[in-house]
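# Observations on the three-dimensional arrangement
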Amino acid sequence: MASDLADKVVVVTGSAFGIGRAIALRAALQGAMVVIADVPGEKDAGKRTATQCEAAGSPKSIFVACDVSKGPQVAALMHTAANECGSIDVVYANAGVGGIGPGKWAHEVSDEDFMQVVAINLCGVFHAAKYSLPYLVKSQGVLINTGSTFGMVGSHYAPAYCASKGGVINLTRQLAEIGRVPLEHLERGAVLPAAAVP
């Protein structure tokens with residue numbers, strides 16, 4: 001039985017490690033071309049994941065260095081994915097950070113640390129949607145965002161994380177509105193993991 005992902009192009013942000021790596025490898029097992037995207041500092045790990053994807057059955061897997069908090073880098077990621085692989089069928093906006101430094105209450109968190117988490121977790125998902133939608137509309141593809149249960153219920157010691165993931169959930173709800181004709185065939189959704197196990 002053929003997989004729905006066979007020969008499809010799947011872009012996964014934050015995929016050098018963890019949940020993103022598992023998603024990329026699963027797509028590879030189903031025969032997808034996989035684009036591994038992670039920050040430049042994780043280049044070696046990202047290339048290793050790309051190699052593992054090809055060993056798992058991906059006809060093509062590449063690593064693209066990308067800081068999702070920077071819109072131009074995400075635009076370049078999508079351009080590279082489409083040029084190298086021919087199209088984009090699935091974008092999994094997974095890149096994120098748990099927090100900067102030890103757990104703190106809101107009044108203990110610096111503005112810089114708060115904004116860094118929001119820039120990666122929330123703005124990164126926005127950038128992924130913004131720059132992938134032209135490709136996904138064309139392919140009638142799928143956009144998936146990684147949220148968190150903490151974006152719905154909150155957690156002590158994680159104000160930036162909770163705020164950013166709550167934003168991801170509501171951004172996903174907004175993206176799910178199908179009033180605009182160009183988006184009516186595009187599938188959108190979010191997953192809300194409670195914890196990531198290495």
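Here goes a summary of the coordinates provided. (Residues numbered from 1 in each chain as written. Predicted model: local features only at pLDDT ≥ 70, side-chain atom pairs only at ≥ 80, totals over all residues. Heavy atoms only, no water.)

Our focus in this paragraph is the packing of aromatic side chains. Considering all chains together, one arrives at one aromatic pair under this definition. Taking the centre distance of 6.5 Å and the plane angle of 75 degrees together, the rings of Phe150 and Tyr161 count as edge-to-face. Taken together, the positions of Phe150 in helix H5 (residues 150–153) and Tyr161 in helix H6 (residues 159–176) put the pair 11 residues apart, joining distant regions of the chain. Classification of Phe150 by relative accessible area gives partly exposed; the value is 30%. (Phe/Tyr/Trp six-rings, centres within 6.5 Å; stacked < 30°, edge-to-face > 60°. Helix = DSSP H or I, 4+ residues; strand = E, 2+ residues; numbered from the N terminus. Buried < 20%, exposed > 50% of the residue type's maximum accessible area, 1.4 Å probe, protein only.)

A few words now on helix H3 (residues 71–85). For H3, spanning 15 residues, the distance from its first C-alpha to its last is 21 Å, which sits close to the expected 21 Å at 1.5 Å a residue. Along H3, the positions that sit buried rather than exposed are Gly71, Val74, Leu77, Met78, Ala81, Ala82 and Cys85. Seen from one end, H3 has its buried residues packed into an arc of 120 degrees, which puts them on one side. Turned more than 90 degrees off the buried face of H3, the exposed positions are Pro72 and Asn83. Directly beyond the C-terminal end of H3, a positive phi value near 100 degrees is found at Gly86. (Expected span 1.5 Å × (residues − 1). Arc of directions from axis to C-beta.)

Here we take up the side chain of Ser148. Along the chain, the position of Ser148 falls in the loop between strand E5 (142–146) and H5. A distance of 3.0 Å separates a polar atom in the side chain of Ser148 from the backbone nitrogen of Phe150. (Polar contact = N/O pair within 3.5 Å; in protein donor to acceptor, adjacent residues only side chain to side chain.)

There is about 250 Å³ of room inside the second largest pocket. Residue lining of the second largest pocket: 16 residues in total, with Leu5, Val10, Val90, Val142 and Ile144 positioned closest to the centre. Where the lining of the second largest pocket is concerned, the elements lending two or more residues are helix H1 (18–29), strand E4 (90–93) and E5. The class makeup of the residues in the lining of the second largest pocket is eight nonpolar, four polar and four charged. (1 Å grid on protein atoms, 1.4 Å probe; cavity = no way out; pocket = protein on both sides within 12 Å on 5 of 7 lines; lining within 4 Å. Points joined across faces, edges and corners; volume = space filled by probe spheres on them. Nonpolar A, V, L, I, M, F, W, Y, C, P; charged D, E, K, R; others polar.)

With that settled, consider unusual backbone geometry. Backbone geometry places Asp7, a non-glycine residue, at a positive phi of 65 degrees. Among the structural elements, Asp7 can be located in the segment before strand E1 (9–13). Unlike most non-glycine residues, Gln140 shows phi in positive territory, near 50 degrees. Take Gln140: it is sitting in the loop between helix H4 (111–139) and E5. Classification of Gln140 by relative accessible area gives exposed; the value is 51%.

What follows deals with the pairing of strand E3 (residues 61–65). Within E3, four of the five residues are buried, which leaves it mostly tucked inside the rest of the structure. Bridge count for strand E2 (residues 33–38) against E3 is five bridges, and the pairing is parallel. By the bridge assignment for E3, Val35 is matched with Ile62. Note that the unit made of E2, helix H2 (residues 43–56) and E3 has a crossover that is right-handed. (Pairing = 2+ DSSP bridges. Right-handed = clockwise from strand over helix to strand, strands pointing away.)

Moving on to the environment of Pro193. Its location among the elements puts Pro193 in the segment after strand E6 (187–191). Sequence-wise, Pro193 and Ile19 are 174 residues apart; in three dimensions their C-alpha atoms are separated by 9.5 Å. Once residues within four sequence positions are removed from consideration, Pro193 is found in contact with Ile19, Thr146, Gly147, Ser148 and Thr149. (Contact = heavy atoms within 4.5 Å.)

Our focus in this paragraph is the environment of Gln73. Locating Gln73 in the fold gives a position in helix H3. C-alpha separation for the pair Gln73 and His127, spaced 54 residues apart in sequence, amounts to 9.2 Å. Not counting residues within four places of it along the chain, the set of residues in contact with Gln73 comprises Cys66 and Asp67.

Enumeration according to the criterion identifies two salt bridges in this entry. Close ionic contact of Glu84 with Lys60 constitutes a salt bridge, the shortest N to O distance being 3.8 Å. Separated by 24 residues along the polypeptide, Glu84 in helix H3 and Lys60 in the loop between H2 and E3 bring together distant segments of the chain. Taking relative accessible area as the criterion, Glu84 reaches 43% and is therefore assigned partly exposed. (Salt bridge = Lys/Arg side-chain N within 4 Å of Asp/Glu carboxyl O.)

Scope: geometric values only; no functional claims are made or implied.
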